[in-house]
Structure formats: C-alpha cells, structure tokens
Amino acid sequence: MSRVDGKVALVTGGGQGIGRAIALRLSQDGFAVAVVDLNEDNANKVAGEIEAAGGRSIALKADVSNRDEVFAAVEETASKLGGFDVIVNNAGIAPVKMIEEVTLDDLDKVFHINVASVVWGIQAATAKLKELGHGGKIVNASSQAGHVGNASLSVYSASKFAVRSLTQTAAQELAKYGITVNAYCPGIVQTPMWGSIDKQITNAKGEEQGEATKEFGSKITLGRLSTPEDVAAFVSFLAGPDSDYMTGQSPLIDGGMVFK
Ligand SMILES: NC(=O)C1=CN([C@@H]2O[C@H](COP(=O)(O)OP(=O)(O)OC[C@H]3O[C@@H](n4cnc5c(N)ncnc54)[C@H](O)[C@@H]3O)[C@@H](O)[C@H]2O)C=CC1
Ligand SMILES: CC(=O)C(C)=O
C-alpha cells in the first residue's frame, strides 16, 4: 500500500507531453487521476492508458483559461473519483514572438492560458479542499524561462515568472489551510510544445529545423534533453508526502542549464 493510495489528483494539460507523463506517474504512485485537457480525445487516451495499467482515472474536457470550466472540472473530479487532494496546473502554450512584434492579443492569450489558469486552478482546488476539511497540494508549471527569460519567448517567459510569483503568494496565504503550493521549472523537454518552438524559432531566423534545439541543448550540463518522465518524477515528489515541509518554491529541473 502506497502513502497516497485513495488520494485524488487532477492534472491539466494531461492529454500529451509533460502532463501525460505526470498523469501516468501519479497513477503509478497510487493516486486516482483526472486527466483534464482541451483535447478530449487525448485526455480519453491517457485515462484509458491508466485504466489499462490497473489505475483509476477519468478524462475531462476543459479550457483552463475559463474559470467556470476549471471549477466544474474540480467538482466532477471530486464527485466521480471520491475525493480531492492535489491539482497540477500544467497546461500552457508557448508561442514564439519577437519582443518588437508582440501585440495585445498575444499578451491576452498567453496570460489567460498560462497565468489566469493557475489562478483559477488555485481557487478551485482551495475551495474544494476547504469544503472537504483537509489540506492538499497545488503544483504549478513554470519553466527555466521563468528564471532566466528566453529570447524569442518574451511573453511566455513573462507568464512563467508570473507563475513563480503566484506560487509564492498563494503558499503564504494558503498555509493556514494545510495547503502547500510549489512549482516545477523544466528545461528543454521533448514534447510537441518543444517541437513547435524549435520550428517557429528556426523559421523566424531562416535556419534549418533542429538548430534551436542544438543551441538550447548546448546549455544543458547533463548533456541531453529532458524527457517528460524526468519532470514527472519531480512532480511525483511535489505531489506526494515527501514534500510536506516545502512550500512557495519553484525549483529548476533542467539538467543544469547554464546561460552565459
Ligand atoms: N516542453 C518544454 O520544453 C517545457 C514545457 N514547460 C511547461 O510545461 C507544461 C506542459 O508543456 P508540454 O507538455 O511541453 O506542452 P504540450 O503543448 O506538449 O502539451 C500541453 C497540453 O496542454 C493542453 N492545453 C493547452 N491549452 C489548454 C487549455 N486552454 N485548456 C486545457 N488544456 C490546454 C494541450 O491540449 C496539450 O495537451 C506547460 O505549462 C509548459 O509551459 C516548461 C518548461 C519546458
Ligand atoms: C518552453 C519552455 O518552457 C522552455 C524552452 O523552457
């Protein structure tokens, strides 16, 4: 019997990439997992993978930038899986845009999906945990871009700095309810998002595809790109009982990226 058996976790953006790996890992740890994504087919596939491996899971369609949909997803998770303990606010987007070309629409879209979503996730999880009368864990996706900022990803980087800030302030406000709030800050992770970033940067610079990966990859001390499972292993720690004495933190899990 694992120390999280019977507990329930909700993972946003769980349909692919890092979110999928987190959903699978938390299920292996013993959580029942709600896989939430805008892409319902992918969410269903991941929930199916969990069930096929002997875990408990549901798939839910929700747009995390919509407060009502996030609250409804938390409600449905608690009623269908019989409790609620952890939310992983993982969903995000990363459009490439040079600072001189950024528009109000770019700011609006990225901050709604990457930042407002985290506020809604924190609010919905806190309301449910207070109703259930016990503490829990909130885990947010930031990035190495939220520590150092990446050229070509200015709005995205700003959104990930914002996630770190929300993580710190929410941790201070919610400790009295037994809720901890932490973030994870990955480096270059082999997912559809990174594939798209490489394509957009190399297109914008007129370079061959893969050049951006080479450039970012050359900064990684451990000498390889991250897998989604590398990140999921750290989220497993943040979602589980071994991180009980940790809150307000946003550690890097980036293979030791060094920017000169
Ligand atoms: N891939 C990377 O190199 C890094 C990723 N991250 C962060 O990790 C998180 C996951 O990234 P990846 O797995 O690489 O991305 P991905 O693009 O491969 O997957 C993101 C998932 O989120 C879902 N999603 C997007 N917008 C949504 C919305 N409005 N509502 C609900 N679901 C939505 C997508 O359908 C998709 O399934 C993101 O927050 C990203 O910023 C952080 C550092 C590095
Ligand atoms: C997408 C992202 O967060 C990177 C490259 O750190």
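Residues numbered from 1 in each chain as written. Chains lettered and ligands numbered in written order. Predicted model: local features only at pLDDT ≥ 70, side-chain atom pairs only at ≥ 80, totals over all residues. Heavy atoms only, no water.

Okay, the side chain of Ser 243 next. Its place among the elements puts Ser 243 in the loop between helix 9 (228-239) and strand 7 (252-253). At 3.1 Å, the side chain of Ser 243 and the backbone oxygen of Gly 240 are in polar contact. Ser 243 has contacts with Lys 137, Phe 237 and Leu 238, leaving out every residue within four places of it along the chain. (Helix = DSSP H or I, 4+ residues; strand = E, 2+ residues; numbered from the N terminus. Polar contact = N/O pair within 3.5 Å; in protein donor to acceptor, adjacent residues only side chain to side chain. Contact = heavy atoms within 4.5 Å.)

The next point concerns the UniProt feature "active site" (unreviewed entry) in the protein. If you check UniProt for "active site" (unreviewed entry), the listed places come out as Tyr 156 in our numbering. Mapped onto the secondary structure, Tyr 156 falls in helix 6 (residues 154-174). Leaving out residues up to four positions away in the same chain, Tyr 156 has contacts with Ile 93, Ala 94, Val 110, Asn 114, Ser 143, Ala 145 and Met 193. (UniProt positions renumbered as here; feature names shortened; annotations may be inferred.)

For the rest of this paragraph, the subject is the site of ligand 1. In the vicinity of ligand 1 lie 25 residues, with Ile 18, Asp 37, Asn 90, Tyr 156 and Thr 191 positioned nearest. Here an oxygen atom of ligand 1 sits 2.9 Å away from a polar atom, N or O, in the side chain of Lys 160. Taking 830 Å² as the accessible area of ligand 1 by itself, protein coverage stands at 92%. Listed by contribution, the elements that provide at least two residues to the shell around ligand 1 are helix 1 (17-29), helix 6 and helix 7 (192-205). (Near = heavy atom within 4 Å. Areas by Shrake-Rupley, 256 points an atom, 1.4 Å probe, with all protein chains shown as cover.)

With 12 residues, helix 9 ought to run about 16 Å at 1.5 Å a step, and its terminal C-alpha atoms sit 16 Å apart, in line with that. Looking at helix 9, one finds that the buried residues are Pro 228, Val 231, Ala 232, Phe 234, Val 235, Ser 236, Leu 238 and Ala 239. Contacts made by the buried residues of helix 9 are with helix 1, strand 4 (86-89), strand 5 (136-141), strand 6 (179-186) and strand 7. (Expected span 1.5 Å × (residues − 1). Buried < 20%, exposed > 50% of the residue type's maximum accessible area, 1.4 Å probe, protein only.)

Around ligand 2, the structure places Ser 143, Gln 144, Asn 150, Tyr 156, Gly 187, Ile 188, Trp 194 and Ile 197. In this structure, Gln 144 approaches ligand 2 through a side-chain N or O atom, which is 2.5 Å from an oxygen atom. In this structure, an oxygen atom belonging to ligand 2 sits 3.3 Å away from a main-chain N or O atom of Gly 187. Computed on the free molecule, ligand 2 has an accessible area of 230 Å², of which 93% lies beneath the protein chains in the complex. Looking at side-chain class alone, the shell around ligand 2 contains four nonpolar, four polar and no charged residues. (Nonpolar A, V, L, I, M, F, W, Y, C, P; charged D, E, K, R; others polar.)

Moving on, we come to the packing of helix 1 against helix 2 (residues 40-52). In the contact formed by helix 1 and helix 2, the axes pass within 10 Å of each other and the chain directions differ by 25 degrees. Between helix 1 and helix 2, the angle is such that the two are roughly parallel. When the axes of helix 1 and helix 2 are compared, the crossing they make is right-handed. Listed contacts from helix 2 to Arg 20, Ala 23, Leu 24 and Ser 27 of helix 1 are Val 46, Glu 49 and Ile 50. (Axes fitted to C-alpha atoms, helices over the stretch in contact; angles between N-to-C directions. Parallel < 35°, antiparallel > 145°, perpendicular 65-115°, else oblique. Left-handed = near helix turned anticlockwise from the far one by under 90°.)

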